[in-house]
Amino acid sequence: VACAIAVAASADCLAVPGVAILTIATSAPLIGIGFFVAYIVRRRGRQIVVPLGMVVGLLPICSSISAVLLIPQSEALVVASIGLIPLAFAQFVPLRRREHVAWLAMADALFLSFMAVRGDSLVMGQEQALLFAVLLGTVLSLGANEVALRRRGQIDSQLLAVRALYRRMKEHETDLRRQDEFLFMQQETLVVQQAELLRLNEELETIARMDPLTGLGNRLRLNEDLAQLAEIGRASCRERV
């Protein structure tokens, strides 16, 4: 909106250089308000973005009224464009029905106030053309806003479906993560149990070869030792041969 007002002001300055200073003086505050509102919305104004959008939507109307007051030659063009301002606002910034009607009421109040101020200088044809432009802009704005709301409702329903699917995917991912953690814990338990079994087997082997009364090796240990000594003796004989 601020850029559009700047472009319109530049066109007015080129068309009528004599009023360039007045055009810049009246357009600069509107441009500044537009950029300031954008700054507020980006930083910390998301909670009040709808009222701020309604304020910004009134800036082109104020710019058009100031252009008519400063440049009488552009009055016909401004009257023709007045009907497009509410339509553009409904297309780019669709509001809920009650909020949009409130914005249209403020916009029509500005138009009617302008007509009341300019009533003496407006001829009958211009006054009728301005009223027709206001009426046409109001009707088109209501229709465009309704179409935009229905389109937004369809998009919102699709977004809800996508969010529900995403939520189910996250829940499934959480379940899989829990199952992985459970399997990992079971694996660690199995490793610990396997180590314990190995230790118990070693203890059983030691107990099986030891006499519980004397703590010395039993007959099984004796047989194993004799077999080992016999193997060593046979190896020594082979080496001597």
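Bear in mind the structure is a predicted one, so any value in this text is a computation, not a measurement.

In terms of helices and strands, the protein carries eight helices and zero strands. Listed by position from the N terminus, the elements making up the protein come as α-α-α-α-α-α-α-α. Across the 241 residues of the protein, 26% fall into the buried class. Accessible area of the protein: about 17100 Å², with a carbon and sulfur share of 66%.

Glancing now at the nonpolar core. By size, the foremost hydrophobic cluster in this structure holds 16 residues, and its most contacted members are L58, I61, W103, A107 and F114. For this core, the secondary-structure elements that each account for two or more residues are helix 3 (49-70), helix 5 (84-92), helix 6 (97-117) and helix 7 (124-208). Here this core takes six residues from helix 6, the largest share from any one element. Once you skip the residues sitting within four places of it in the chain, W103 turns out to touch M54, G57, L58, I61, P86 and F89. Counting 10 residues, the second-largest nonpolar core is a separate cluster that includes I5, I31, V56 and L59.

Time to look at the environment of S64. Note on placement: S64 falls in helix 3. As for S64 and I5, which are separated by 59 residues in sequence, their C-alpha atoms are 9.0 Å apart.

With that settled, consider helix 2 (residues 20-43). The end-to-end C-alpha separation of helix 2 is 34 Å, in line with the 34 Å expected for 24 residues at 1.5 Å each. The complete set of buried residues in helix 2 reads A20, T23, S27, L30, I31, G34, V37, I40 and V41. For helix 2, the elements touching its buried residues are helix 1 (2-15) and helix 3.

Now for the pattern of salt bridges. If you walk through the whole model with that rule in mind, you get eight salt bridges. When the shortest N-O distance is used, the salt bridge between R234 and E231 registers 2.9 Å. Placement of the pair is R234 and E231 together in helix 8 (residues 219-240), with a separation of three residues, close to one helical turn. Owing to a relative accessible area of 39%, E231 belongs among the partly exposed residues under this scheme. In this structure, E231 engages R238 in a salt bridge whose closest nitrogen and oxygen atoms are separated by 4.0 Å. In this structure, a network of salt bridges that share partners links the residues R97, E146 and R150.

A separate point is the side chain of D108. As for its placement among the helices and strands, D108 is situated in helix 6. Apart from residues no more than four positions distant in its own chain, D108 is found in contact with V134 and T138.

Definitions and limits used
The residue count restarts for each chain, going from 1 along the sequence in the order it is written. Two thresholds apply to this predicted model, a pLDDT of at least 70 for residue-level local features and 80 or more for giving and counting side-chain atom pairs, whereas whole-chain, interface and lining totals are computed over all residues. Hydrogens and water are ignored here; the side-chain numbers use all heavy atoms of the structure. Numbering of helices and strands runs from the N terminus, with a helix taken as a DSSP run of H or I at least four residues long and a strand as a DSSP run of E at least two residues long. Here the term buried applies to any residue with accessible area under 20% of the maximum for its type, exposed to any over 50%, and partly exposed to those in between, with areas from a 1.4 Å probe on protein chains only. Per-residue and other accessible areas follow the Shrake-Rupley method at a 1.4 Å probe size, with only the shown protein chains counted as cover for residues. Remark: nonpolar core denotes a set of buried residues (Ala, Val, Leu, Ile, Met, Phe, Trp, Tyr, Cys) joined through side-chain atoms within 4.5 Å. Residues count as neighbours in contact if any of their non-hydrogen atoms are within 4.5 Å of one another. In this analysis, the expected span of each helix is defined as 1.5 Å times one less than the number of residues it contains. Salt bridges are counted wherever a side-chain nitrogen of Lys or Arg sits within 4 Å of a carboxyl oxygen of Asp or Glu.

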